[in-house]
Amino acid sequence: MSARLPRGFADRGPAELAATRDMLDTIRKVYERYGFEAVETPAFEYTDALGKFLPDQDRPNEGVFSLQDDDEQWLSLRYDLTAPLARYVAENFDRLPKPYRSYRAGWVFRNEKPGPGRFRQFMQFDADTVGSGSVAADAEICMMAADTLEALGIARGDYVIKVNNRKVLDGVMEAIGLAGDANAGRRLTVLRAIDKLDRLGVEGVRLLLGPGRKDESGDFTKGAGLDENIADLVATLFRPGQGSPQIPWDSIKNIPLAHVGWAERERSFIQDLEFIESNYLTVDMFGFVTWDLLRKNQLEWNDTLETGIRELIEISRLVEKAGFARDRIRIDPSVVRGLEYYTGPVFEAELTFEIPGDDGKPVRFGSVGGGGRYDGLVSRFRGEKVPATGFSIGVSRLAAALQKLGKLASAEPAGPVVVVPRTAALAPHCMRLVQRLRDDEALRALPGFAAEMYLGGGSFKGGLRYADKRRCVVAIMIGESEAEAGKAVVKDLIEGAEQAKAIETNAEYRAQRLAQFEAAEAELPAAIREILARHTV
RNA sequence: GCAGCUGUAGCUCAGUUGGUUAGAGCGCCUGACUGUGGAUCAGGAGGUCGGUGGUUCGAGUCCACCCAGCUGUACCA
């Protein structure tokens, strides 16, 4: 039998654990400052509570890890933290304050094809506001996401929280005649195509919206089958970075409304925009461009679309007033996200900086989190409607990005002070000594201080080799003569290694006892503190 | 899932048109060094060449299938 790690799972060493712990701590502080409170739910849920099982099968869908309980009920490992929260809120609805603001971190599991940076178990850190239908809740979540990324050390300008609204997408679908249950499949295809804008570009997406697309490997993806001009319209409309469309603000303002003959509702909508400050230009323009494109294609404006755009404008207004400019939170119509349960605003946190990859080509990390409004999730468990919105950070992915940025400790933490007995008979003497170090007030006050006696057998040098591998800074050596004299030899391992680089010959090496000195037992803590201080800053 | 590429020591890789006992560097272990990691020197362990079957006098090398990995694509609640 060979020892092997299951595909798509990862072991984590001390360096990674320490880094993740720091990261979670930082995120938690931001969330708590916003007034969110902690909750934890288990890794397993009843499969139906996760809301995903195929209609005509009694077996849970692939994609989740599932097993049958002894009462034959299906259990699944959670694939995100949102569905379990909905279950928790529904189950404890009466005693929770509303709106309920909660955060939680935990492992989630997906039974999918793993890849570089894609695991079948990974950590998410979520925050949600349940019980508020106000777009202020959505705006706040976006603000918090931006603050969180900055708290983690990502500079302003190196990230952006992109915001869109499912109602806009739905409204456009409606306008191009894809409303209704009969078109659900094609709607999905269109949404997926839009989702790929950043990767495939406008051309690729236009193909996906129309006849279909063949990729480099020759694989063919079936398209949505839209008419060419409609595909054009959709691809243009949801182009990413829509922030600077071709039409300048002035030309919108100066449109002679009466002359174009807009319907009353449309006119009032556009007139509204005139009162909006220039910072909301993106949404305004998007609204106008949408309106204009629809009109040119003889398609109708609709309520869903208007509501969606008005919500986006409102969110822009809120975050702007709170001091979040467009370099942090930005409306981007190409954001699609979670195709299933989102009902309103959707968000995506994206890292915008590039880093040279292994092959030298610049690599973007892209999305490190996302979320949105899911007004239907909790109500699956209760009669009444419970609006909710939330955001989820992909911890592992973000950690990888931070590591590349150098914002995360990547080195293994320094090892303990190791006391090495010269012979086995000295073990009691050393054990007493090491315990005195652990009990020393001043040493204990040092962050991360640890002391241990070398427990390995073999030769004396084994102890030093061990200290080396553990990245220890200080070794204490005790032989018979030292024990009798109540003394110890203290060695600065880092300084010793440094000095050894200059040594060329064996004789010289033997002659030197690099970076070590003898100290009385009582002076040990002070000597150790001095060496540690030398190397920890 | 589909397509293309790749599988030689713990790691990174060599291995000539198919030809003897398959190599290197790093790492690991042991020793030298009067009681010392890191320097130096000497030695050692470790591979059914991803697996199975085939072609051949002979296969790490050629062929088929399988498995695994990488890349793209699809899916990702």
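Residues numbered from 1 in each chain as written. Chains lettered and ligands numbered in written order. Predicted model: local features only at pLDDT ≥ 70, side-chain atom pairs only at ≥ 80, totals over all residues. Heavy atoms only, no water.

1. Regarding helix α14 (residues 395-405)
Phase 1: Residues of α14 that are buried include every one of Val-395, Leu-398, Ala-399, Ala-401 and Leu-402, and no others. Buried positions in α14, seen along its axis, are confined to an arc of 165° and lie on one side of it. (Buried < 20%, exposed > 50% of the residue type's maximum accessible area, 1.4 Å probe, protein only. Helix = DSSP H or I, 4+ residues; strand = E, 2+ residues; numbered from the N terminus. Arc of directions from axis to C-beta.)

2. Points about helix α1 (residues 14-33)
Phase 1: A rise of 1.5 Å per residue sets the reference length of α1, with its 20 residues, at 28 Å; its end C-alpha atoms lie 29 Å apart and thus fit the reference within 8%.
Phase 2: Of all the positions in α1, only Ala-15, Ala-19, Thr-20, Met-23, Leu-24, Ile-27, Val-30 and Tyr-31 are classed as buried. Buried positions in α1, seen along its axis, are confined to an arc of 155° and lie on one side of it. Of the exposed residues in α1, the ones pointing more than 90 degrees away from its buried face are Arg-21 and Arg-33.
Phase 3: At its buried positions, α1 is contacted by β5 (100-109), β6 (121-130), α4 (135-151), β13 (388-394) and α14.
Phase 4: After α1 finishes, the residue Gly-35 shows a positive phi value of roughly 90°. (Expected span 1.5 Å × (residues − 1). Contact = heavy atoms within 4.5 Å.)

3. Here's the deal with the pattern of salt bridges
Phase 1: According to the stated counting rule, one finds 30 salt bridges in the structure shown.
Phase 2: Residues Glu-350 and Lys-162 are paired through a salt bridge, measuring 2.5 Å at the closest nitrogen-oxygen approach. Here Lys-162 lies in strand β7 (residues 159-165) and Glu-350 lies in strand β11 (residues 345-356), a separation of 188 residues in the sequence.
Phase 3: On the basis of relative accessibility, which here comes to 11%, the residue Lys-162 falls in the buried class.
Phase 4: The partner of Arg-436 in a salt bridge is Glu-521, and the shortest N-O contact between them spans 3.4 Å. Note that Arg-436 is positioned in helix α15 (residues 427-439) and Glu-521 in the loop between β18 (516-520) and α21 (524-536), a separation of 85 residues in sequence.
Phase 5: Ionic contacts of the salt-bridge type, sharing partners, join the residues Asp-25, Arg-28, Lys-29 and Glu-32 into one network. (Salt bridge = Lys/Arg side-chain N within 4 Å of Asp/Glu carboxyl O.)

4. Digging into the sheet that holds strand β15 (residues 451-453)
Phase 1: With mixed pairing, five strands are arranged side by side in an open sheet as β15-β14-β16-β17-β18. Bordering the open sheet on either side are β15 and β18, each of which pairs with just one other strand. Within this sheet the neighbouring strands show an average axis-to-axis angle of 25°, counted without direction.
Phase 2: Note: strand β16 (residues 474-478) against strand β17 (residues 487-492), four bridges, orientation antiparallel. Looking at β17, one finds that Ile-476 is bridged to Val-490.
Phase 3: Helix-sheet contacts for helix α17 (residues 460-469) involve β14 (417-421), β15 and β16, and the interaxial angle to β14 is about 170°. (Pairing = 2+ DSSP bridges. Axes fitted to C-alpha atoms, helices over the stretch in contact; angles between N-to-C directions.)

5. As for the sheet that holds strand β3 (residues 66-68)
Phase 1: Here we have three strands laid out as an open sheet, ordered β2-β4-β3, and antiparallel in their pairing. Edge positions in the open sheet fall to β2 (44-46) and β3, since each of these has one partner strand only. Averaged over all pairs of adjacent strands, the angle between their axes in this sheet comes to 30°, without regard to strand direction.
Phase 2: Judged from the three bridges that link them, β2 and strand β4 (residues 74-77) form a sheet pairing that is antiparallel. Paired with Tyr-46 across the two strands is Leu-75, which belongs to β4.

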